[in-house]
Amino acid sequence: MEKIILNGIFVDKFTNFRKVLVDMNINDMEIIKFDNNKFVTPSLKIFFQTNCVKNISDKKINQSLAMVGLNEKKINDDPFMFSDSDKYKLLIAMSLINNRSNYILVYPNLYLDDYNVNLILKILKKISREYRKNICIITNNIDLLYRECDNLIIYNKNKIIYNDKRNYLYNFKETLLNNNYPLPKILEFISLVEKKQNIKLEPTFDIKELMKDIYRNV
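Residues numbered from 1 in each chain as written. Predicted model: local features only at pLDDT ≥ 70, side-chain atom pairs only at ≥ 80, totals over all residues. Heavy atoms only, no water.

A. Highlighting the pairing of strand β6 (residues 159-165). With six bridges connecting them, strand β5 (residues 151-156) and β6 associate as antiparallel partners. By the bridge assignment, Tyr155 is partnered in β6 with Ile160. The hairpin formed by β5 and β6 contains two residues between the paired strands, and Lys157 there has a positive phi angle of roughly 55°. (Pairing = 2+ DSSP bridges. Helix = DSSP H or I, 4+ residues; strand = E, 2+ residues; numbered from the N terminus.)

B. Structural view of the sheet that holds strand β1 (residues 6-10). As summarised here, the arrangement of the six strands in space is β2-β3-β4-β1-β5-β6, forming an open sheet in which the pairing is mixed. On the outer flanks of this sheet lie β2 (29-32) and β6, each paired with one strand and no other. Recorded for the sheet is a direction-independent mean angle of 15° between the axes of neighbouring strands. Pairing of strand β3 (residues 102-106) with strand β4 (residues 134-139), which is carried by five bridges, proceeds in the parallel orientation. Paired with Val106 across the two strands is Ile138, which belongs to β4. Taken strand by strand, helix α4 (residues 84-98) contacts β2 and β3, and its axis lies near 170° from that of β2. Set on the sheet, helix α5 (residues 114-131) makes contact with β1, β3 and β4; between it and β4 the angle comes to about 150°. (Axes fitted to C-alpha atoms, helices over the stretch in contact; angles between N-to-C directions. Contact = heavy atoms within 4.5 Å.)

Structural data, given as structure tokens:
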């Protein structure tokens, strides 16, 4: 099975979101960014008609809602009354209908818990595998990016200080710490073990692999 490559971008509070999009320099992208004003519509049907780039049937709307776990919603429901989590899923459902080449998820962790983040990424990975789409996550949650994304870009005050595979992030830890960036928690633990116990565990993003390595070194 073909491996799906996820890209992750870490942004600090000083980095301009527009600067990130310009640096990405890609066309045909769907930006999934929460904006409560988008949901001020009388019904789900009108929400889709307003935000989708093409005319769609009620059947297509219902199929898209079901894909993101919103199958209990009806096309006459008021989307403004949804929870923030369901609103974010609704943005993804709309984006899937727009059928872009690139999907950019902006701060999904602010609106989705870990279970729903995993659910959405599973859906997008399936679509990516079948239709050759690209997926990128933009957030200030380094743990989410390190866990889910194969390639990482890290910004510091509008400048890129890291742009490489996540496998090499541990080698870059001093630069991150010097810029007051936290390491992903799993790498923090590995660093602490190395410092306190003089045991060099293999850097990993997989907690199961970390547990195996601990067992081997005990």
